[in-house]
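Spelled out from the first residue to the last, the chains are:
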Amino acid sequence: MVCKLNRSIYGLKQASRTWFNAFSNTLLRNGFKQSKYDYLLFTKGEGDNFIAILVYVDDIILASPSQEIIFKAKTILKKHFKLKDLGDLKIFLGLELSRSKEGIFMCHGHYTLSILEDCGMLACKPSLIPMEENNKLTANSRTKLVDPGSYRRLVGRLLYITISRPDICYCVHKLSQFVSNPYTNHMHVANMLLRYLKHTSGQGILFRAYSDTKLHAYVDANWGSCTESRRSTTDFCIFLGNSLVSWKAKRQKIVNRSSAEAEYRSLASVSSKITWIQNFLIDFNIRTPFCKS
């Protein structure tokens, strides 16, 4: 006996894929275009009639300069799916967004406070810096943690905060190198970072409303900065006008023989990212005139 499943059952591994196929096919039939650089993005029209739809599992964001266009898109979706309209976007996947005349401000305020509460650090003394200068973390230092799972869970949550906090990106990057075998010294550095987050819990990123569309990239490499593997670190940040849109602090995959080699690898990394952003902006009918780094 073989049973045919007419509907996807929520909770199965195939459920999200089936839901996304049905959702994307509905939008494509109604004139939307699926982005080749982010398959979760669908766009339609241009100018004042432009609309963008971003989907993550069953959470959907609609953005358009015209409320009428958004209403028409909602009407199309309601014909095929059961939707719950939550109004203006304020919270999305833990991200808090607020709009003003200056632009859109994005932060992780409540999510940061929940981390401090779970770690028992709400009453801790705030710190002005996320990490001590020239603190060389090593794989074997002091004693092993009794509960390494707590360290791994904390680093995982901190990695999510880096979406809106580029100032802690390097520190979290260093801490994530020791999740497989954490020691007490690594936990002390993580606790100092939590103290810094308490001091700057409301900090985030402002995407300015009035800005040009030129891309500006700043890149650097720290040659042989990792004391364990002697690998270099790539650091870069990319601005769209005067708004920060992308950043990275990551250890390179191989050992470089010179600082020049490390710099070239960093340039290759930021160049590929700029190329992706340029092509991604075309989906929003934005063509960047040139880039400088």
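This text follows the structure it describes.
Here is a short report on the structure shown in this document. As the structure is a prediction and not an experimental result, all values here were calculated from the model.

### Side note on the overall build of the protein chain
Alright, step 1. Broken down by element type, the protein chain carries 7 helices and 12 strands.
Alright, step 2. Counting only C-alpha atoms and orienting by the principal axes, one finds that the protein chain spans roughly 60 × 55 × 50 Å.
Alright, step 3. In the protein chain, 61% of the contacts between residues at least 6 apart in sequence involve partners at least 24 apart.
Alright, step 4. When the accessible surface of the protein chain is summed, it comes to about 18300 Å², and 54% of that surface belongs to carbon and sulfur atoms.
Alright, step 5. Separation of charge centres in the protein chain, based on 41 positive and 23 negative side chains, amounts to 6 Å.

### Focus on the sheet that holds strand β4 (residues 59-63)
Alright, step 1. Pairing in this open sheet of 4 strands is antiparallel, and the strands run β1-β2-β3-β4 from one edge to the other. Since the sheet does not close on itself, it has two edges, and those belong to β1 (33-34) and β4, each with one partner.
Alright, step 2. Taken together, the 2 bridges between β1 and strand β2 (residues 41-44) define a ladder with antiparallel strand orientation. Residue pairing for β2: Q34 is matched across the bridge by F42.

### Observations concerning the nonpolar core
Alright, step 1. Within the largest apolar cluster, 24 residues are counted, with the highest numbers of intra-cluster contacts made by Y151, L154, L158, I168, L175, L193 and L194.
Alright, step 2. Broken down by secondary-structure element, the contributors of at least two residues to this core are α3 (109-118), α4 (148-161), α5 (169-175) and α6 (184-199).
Alright, step 3. In terms of residue count, the dominant contributor to this core is α6 (7 residues).
Alright, step 4. Ignoring sequence-local partners within four residues, the contact set of L154 consists of I115, C119, M187, A190 and L194.

### Section: unusual backbone geometry
Alright, step 1. Even without glycine at this site, L93 takes up a positive phi of about 55 degrees.
Alright, step 2. Tracing the chain through its elements places L93 in the loop between β5 (91-92) and β6 (95-99).
Alright, step 3. The exposure class assigned to L93 is partly exposed, which follows from its relative accessible area of 34%.
Alright, step 4. Its identity as a non-glycine residue notwithstanding, N285 has a phi of 60 degrees, on the positive side.
Alright, step 5. Taking the relative accessible area as the measure of exposure, N285 reaches 44% and is therefore partly exposed.

### Comments concerning the packing of α4 against α6
Alright, step 1. Across the interface, α4 lies against α6 with an axial gap of 11 Å and an inter-helix angle of 40 degrees. It follows that α4 is oblique to α6 by the angle criterion. In this structure, α4 crosses over α6, and the sense of that crossing is left-handed. Contacts between α4 and α6 involve Y151, L154, L158 and I161 from the first element and H186, M187, A190, L193, L194 and L197 from the second.

About the cut-offs
- Residues numbered from 1 in each chain as written.
- Predicted model: local features only at pLDDT ≥ 70, side-chain atom pairs only at ≥ 80, totals over all residues.
- Heavy atoms only, no water.
- Helix = DSSP H or I, 4+ residues; strand = E, 2+ residues; numbered from the N terminus.
- Contact = heavy atoms within 4.5 Å.
- Areas by Shrake-Rupley, 256 points an atom, 1.4 Å probe, with all protein chains shown as cover.
- Lys, Arg positive; Asp, Glu negative; His and termini not counted.
- Charge placed at Lys NZ, Arg CZ, Asp CG, Glu CD.
- Pairing = 2+ DSSP bridges.
- Core = buried A, V, L, I, M, F, W, Y, C linked by side-chain atoms within 4.5 Å.
- Buried < 20%, exposed > 50% of the residue type's maximum accessible area, 1.4 Å probe, protein only.
- Axes fitted to C-alpha atoms, helices over the stretch in contact; angles between N-to-C directions.
- Parallel < 35°, antiparallel > 145°, perpendicular 65-115°, else oblique.
- Left-handed = near helix turned anticlockwise from the far one by under 90°.

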